[in-house]
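As a plain string of letters, each chain reads:
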Amino acid sequence: MLLTHQGRSPVVHPSAYIAPTATLCGDVRVGADCRVLFGAVLTAEGGPVELGAGCIVMENAVLRGTRRDPLTLGRQVLVGPTSYLTGCRVEDEVFLATGSRVFNGARIGARSEVRINGVVHLRTVLPPDTTVPIGWVAVGDPARIRPPEDHEGIWEVQRDLDFPGHVFGLDRPAEGESLMPGISARFGRALGRHAGDQEV
């Protein structure tokens, strides 16, 4: 399904294949010889999504561009099933395995691998030829690669990356308070803009 969002429509190269149950919404550009498989969602939430030539997006992956951080894939990138990428830049020949997660402002260098269920956190920079092992977390610039059970080591770096400020424009709440009312209101308003989407 191709949808116009905020006056922008997807553009798909004639040699690309988009599965009939994939959804492309808004300012999405799909390059030559790309393959976007069943259930995948590519959505431009205020910022574009662009796939370079020869990219493969597997089943049920979600790729989201944001106003602050567009999403760009270089050439010959593979995004595995159920992966989630938002507002990141991925250079050429990167392998993002099943269930990988790449967050806002992250940059992944050429020929890198994020293995099954690996995470590249907010504003993290992976140099070329880096591997994030199965289930591990890359965080910071330069990236530190930590096992998932090292919460304290991850948080030590992640705290200063300011997830709520960068992604939602909110300050961290005081002790005993929640971010969720602010997130719900802001994110809800932004997502409500889809009410005017039209099928191409």
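Remember, it's a predicted structure, so these values are computed and weren't measured experimentally.

Enquirer: Sorry if this is basic, but what is going on with the packing of aromatic side chains here?
Expert: What characterises a pair of aromatic rings is the spacing of the ring centres plus the angle enclosed by the ring planes. Scanning all chains against the criterion turns up four aromatic pairs. For the ring pair Tyr-84 and Phe-103, a centre distance of 6.4 Å and an interplane angle of 55° mean the geometry is tilted. With a gap of 19 residues between them, Tyr-84 in strand S13 (residues 84-86) and Phe-103 in the loop between strand S16 (101-102) and strand S17 (107-108) connect regions that are remote in the sequence. The partly exposed category is assigned to Tyr-84, whose relative accessible area is 24%. Ring plane angle 80° and centroid distance 5.7 Å describe the contact between Phe-168 and Phe-187, whose orientation is recorded as edge-to-face. Here Phe-187 lies in helix H3 (residues 180-192) and Phe-168 lies in helix H2 (residues 163-168), a separation of 19 residues in the sequence. Members of the aromatic cluster, connected to one another through ring pairs, are Tyr-84, Phe-103, Phe-163, Phe-168 and Phe-187.

Enquirer: Could you clarify how one ought to interpret a positive patch on the surface in this entry?
Expert: A surface patch of positive charge is lined by Arg-67, Arg-186, Arg-189 and Arg-193. Secondary-structure assignment places Arg-186 in helix H3. With a relative accessible area of 39%, Arg-186 lands in the partly exposed category.

Enquirer: What should I look at first to understand the sheet that holds strand S2 (residues 11-12) in this one?
Expert: By definition, the strands of a sheet pair up through backbone hydrogen bonds, in either a parallel or an antiparallel sense. Taken in spatial order, the seven strands of this open sheet run S2-S5-S8-S11-S14-S17-S20, and their pairing is parallel. Each of the sheet's edge strands pairs with one partner strand only, and the pair in question is S2 and strand S20 (125-126). Two elements, S2 and strand S5 (residues 28-30), share two bridges in a ladder whose sense is parallel. Pairing of Val-11 across the sheet is with Arg-29, part of S5.

Enquirer: What is the right way to read the environment of Gly-182 from this model?
Expert: Mapped onto the elements, Gly-182 comes out in helix H3. With a relative accessible area of 24%, Gly-182 lands in the partly exposed category.

Enquirer: I keep staring at the state of the cysteines and nothing clicks. Help me out?
Expert: In total, this model carries zero disulfides according to the counting rule given. With no disulfide of its own, Cys-25 lies 18 Å from the sulfur of Cys-88, the closest cysteine sulfur. Note on Cys-55: no disulfide assigned, nearest cysteine sulfur contributed by Cys-34 at a separation of 4.7 Å. On the accessibility criterion, Cys-55 (0% relative accessible area) is buried.

Reading the values: rules and limits
Residues numbered from 1 in each chain as written. Predicted model: local features only at pLDDT ≥ 70, side-chain atom pairs only at ≥ 80, totals over all residues. Heavy atoms only, no water. Phe/Tyr/Trp six-rings, centres within 6.5 Å; stacked < 30°, edge-to-face > 60°. Helix = DSSP H or I, 4+ residues; strand = E, 2+ residues; numbered from the N terminus. Buried < 20%, exposed > 50% of the residue type's maximum accessible area, 1.4 Å probe, protein only. Patch = residues over 30% accessible without salt bridge, like charges linked within 9 Å, V, L, I, M, F, W, Y side chains within 5 Å. Areas by Shrake-Rupley, 256 points an atom, 1.4 Å probe, with all protein chains shown as cover. Salt bridge = Lys/Arg side-chain N within 4 Å of Asp/Glu carboxyl O. Lys, Arg positive; Asp, Glu negative; His and termini not counted. Charge placed at Lys NZ, Arg CZ, Asp CG, Glu CD. Pairing = 2+ DSSP bridges. Disulfide = S-S within 2.5 Å.

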